[in-house]
Amino acid sequence: MKPGSTSAACIALLRRDLLLVWRRRGDALNPMLFAIIVVALFPFALGPESAVLSRIAAGTIFVAVLLAMLLSLDALFRSDLEDGSLEQLVLSPHPLALLLGCKILMHWLTTALPLIVVAPLLAQLLLLPAKVLPVLLTALALATPLLSLIGAVCVALTVGMRRSGMLLTLLVLPLIVPALIFGAGACNAAQNGFAYSAPLLWLAAWLVLAVILAPLAAAAALKISLT
Amino acid sequence: MNPLVLWFHKLGSPPYFYRFAGRWLPWLYALALIAGAAGFYGALFAAPADYQQGDSFRIMYVHVPCAWMGLFAYLFMAANGFVGLVWRIKLSETLAMASAPVGAAFTFITLVTGSLWGKPTWGTWWTWDARLTSELVLLFLYFGVIGLYHAIEDRRQAARAAAFLALVGIVNLPIVHYSVIWWNTLHQAQTVSLVGPSKIAPSMLWPLLTLAFATHVYFFASVLARSRVALLELESGKDWVRTLLPATETLHD
């Protein structure tokens, strides 16, 4: 691979971001911890009856995972903005959408993947029936990249703001509602013994669309907010 | 140049638009008032009571036009935002941002009247029906656009970012519209359609269409009035504003 080529730039970006996460690997566990705490609070609030818990398990896990990802979202470009490397990305000769796609991939790998790994534990905490677990994991695997992609567009719009946390939540949550409906809907359908492939396919179709469009949109948004 | 194209180009200039909007505003408000009065007369007195719902169905005459306007205002905002982003027309950005609060108000009225209507007919103020939920999501989208617009210092950059968000959110509009077909639960299916016969009696239909016309005219009047004020603020340093409003200068001195 030639140095200076676009693929070399992408790999360098991925390696740098991975290294940065590894150097501060304690922080990377925060979303996981947050999701576990949120899920653990529900039995305290609703009582330990297994019937109630297993009925709300899939939806609760979905909400906890989405909130945990949202928590880490506003840090997506922050350190890059502070040290000026975000402007270098915008100025670089490589397509900005591709570079941002790499950053979004890193966000998914470092926050969503640990959450998916910990999801079986969350499912056990809320007594989710074992037959639903594969559906839950599939739905999470399809819905979390959507949140990373759509969230990145919103983060790009709010980049450089002092306190963007609440605003970012307001921007992201309405856009991500269909992911929640389809994802949790698939789990509920599986739990009640209905066919669950249709909502999963909807999620997959939307994901395909978002993978293509969201990096382009994020690049356009970033150019608006950095001018 | 074609006179229509020339007029369109002229309209993009803030001072020209300011005068143009000022000329049209009283007429639009008057038209909205007259059409609204006629529509409400038809809705409250002329239309017969529904054989099933009695008089409570008359809330429809506020609810449905407002619901249409909530969607229409979003489309108008996104279209203007698109024009503003692509051709960098300042006026389109202003129009897009002026229509956001109006659209949010219409959506809010839709939700409130919907819950008032739901109590006597469905027996509950609120139900997590797909259509209600999508309307709520639409309201949150409006809030996001308005919030983003007010969170950024630079007015033009704020307008561009918020317009972009509106474009991203337009993905939601087809979901709002088709959700009634996809997840039809409690909410009644569409009864008025542009193509083919409507499933509503003509004596009940004409007040609805009159009121829909009135809300559209009111929307445009309100957006024009808001844009005039926004343009004055945006262009406060320019000559035409100074000659138009000499009093503000003495205020600043």
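Residues numbered from 1 in each chain as written. Chains lettered and ligands numbered in written order. Predicted model: local features only at pLDDT ≥ 70, side-chain atom pairs only at ≥ 80, totals over all residues.

### Some remarks on the overall build of chain A
Tallying secondary structure elements over chain A gives 10 helices and zero strands in all. In chain A, the succession of helices and strands from N to C terminus is α-α-α-α-α-α-α-α-α-α. Its C-alpha radius of gyration of 18 Å places chain A within 12% of the 17 Å reference for a compact globule of 227 residues. For the C-alpha atoms alone, the extent of chain A along its principal axes is close to 55 × 35 × 35 Å. Relative to its full complement of 227 residues, chain A shows a buried share of 42%. (Helix = DSSP H or I, 4+ residues; strand = E, 2+ residues; numbered from the N terminus. Rg over C-alpha atoms; globule rule 2.2 N^0.38 Å. Buried ≥ 20, exposed ≤ 12 C-beta atoms within 10 Å, placed from the backbone.)

### Thoughts on the overall build of chain B
Looking only at helices and strands, chain B features 10 helices and zero strands. Taking all 253 residues of chain B together, the buried fraction comes to 37%.

### So, the interface of chain B and chain A
Of the residues lining the interface, 17 residues belong to chain B; the matching set on chain A comes to 17 residues. Secondary structure elements with two or more residues in the side of chain B that touches chain A: α5 (130-151), α6 (155-169) and α7 (172-182) of chain B. Classifying every residue of the side of chain B that touches chain A by side-chain character gives 11 nonpolar, five polar and one charged. (Contact = placed C-beta atoms within 7 Å. Nonpolar A, V, L, I, M, F, W, Y, C, P; charged D, E, K, R; others polar.)

### Looking at the packing of helix α4 (residues 90-122) of chain B against α6(B)
Residue and element names in this part refer to chain B. Relative orientation of the contacting elements α4 and α6 amounts to 65°, with a least axis distance of 10 Å. Here α4 and α6 pass one another in a crossing that is left-handed. Between α4 and α6, the contacting residues are Glu93, Ala96 and Met97 on the first element and Arg156, Ala159, Arg160, Ala162, Ala163 and Ala166 on the second. Grouping the amino acids of the contact of α4 with α6 by side-chain chemistry returns six nonpolar, no polar and three charged. (Axes fitted to C-alpha atoms, helices over the stretch in contact; angles between N-to-C directions. Left-handed = near helix turned anticlockwise from the far one by under 90°.)

### Structural notes on the environment of Gly147(B)
Considering the arrangement of structural elements, one finds Gly147(B) in helix α5. Once you skip the residues sitting within four places of it in the chain, Gly147(B) turns out to touch Leu167(A) and Leu170(A).

### Section: the packing of helix α3 (residues 60-87) of chain B against α4(B)
Residues and elements named next belong to chain B. Remark: α3 packs on α4, axes separated minimally by 7 Å, with the N-to-C direction vectors making an angle of 160°. The pairing of α3 with α4 is recorded here as roughly antiparallel in orientation. Our pair here, α3 against α4, has a crossing hand that is left-handed. The residue makeup of the contact of α3 with α4, split by class, is 16 nonpolar, 12 polar and one charged. (Parallel < 35°, antiparallel > 145°, perpendicular 65-115°, else oblique.)

### Structural notes on the nonpolar core
Counting residues in hydrophobic clusters, the biggest one holds 131 residues, and the most contacted among them are Ile61(A), Leu136(A), Ile150(A) and Val153(A). The element that contributes the greatest number of residues to this core is helix α8 (residues 133-158) of chain A, accounting for 16 residues. Ignoring sequence-local partners within four residues, the contact set of Val153(A) consists of Ala214(A), Ala217(A), Ala218(A), Ala221(A) and Val168(B). (Core = buried A, V, L, I, M, F, W, Y, C linked by C-beta atoms within 7 Å.)

### Regarding unusual backbone geometry
Trans peptide bonds make up most of the peptide bonds, and negative phi angles are found at most residues other than glycine. Phi angles above zero are rare outside glycine, and Leu127(A) is one such case at about 60°. Structurally, Leu127(A) can be placed in the loop between α7 (96-125) and α8. Positioned with a positive phi, Arg88(B) is a non-glycine residue whose angle comes to about 55°. In this fold, Arg88(B) is placed in the loop between α3 and α4.

### Quick word on the environment of Leu201(A)
All names here are of chain A. Here Leu201 lies in helix α10 (residues 197-226). Of the residues examined, Leu201 has 13 C-beta atoms within 10 Å and is grouped as partly exposed. Distance from Leu201 to Ala139, taken between C-alpha atoms, is 9.7 Å for residues 62 residues apart in sequence.

### Looking at the confidence of the model for chain B
Any region with low pLDDT has predicted coordinates that should not be read closely. Residues of chain B with pLDDT of at least 70 account for 85%, and the chain-wide mean is 82. For this predicted complex, the interface confidence reaches an ipTM of 0.86, while the overall pTM sits at 0.86. (pLDDT = per-residue confidence, 0-100.)

### Describing the environment of Phe108(B)
Structurally, Phe108(B) can be placed in helix α4. Between the C-alpha atoms of Phe108(B) and Leu139(B), which are 31 residues apart in sequence, the distance is 6.9 Å.

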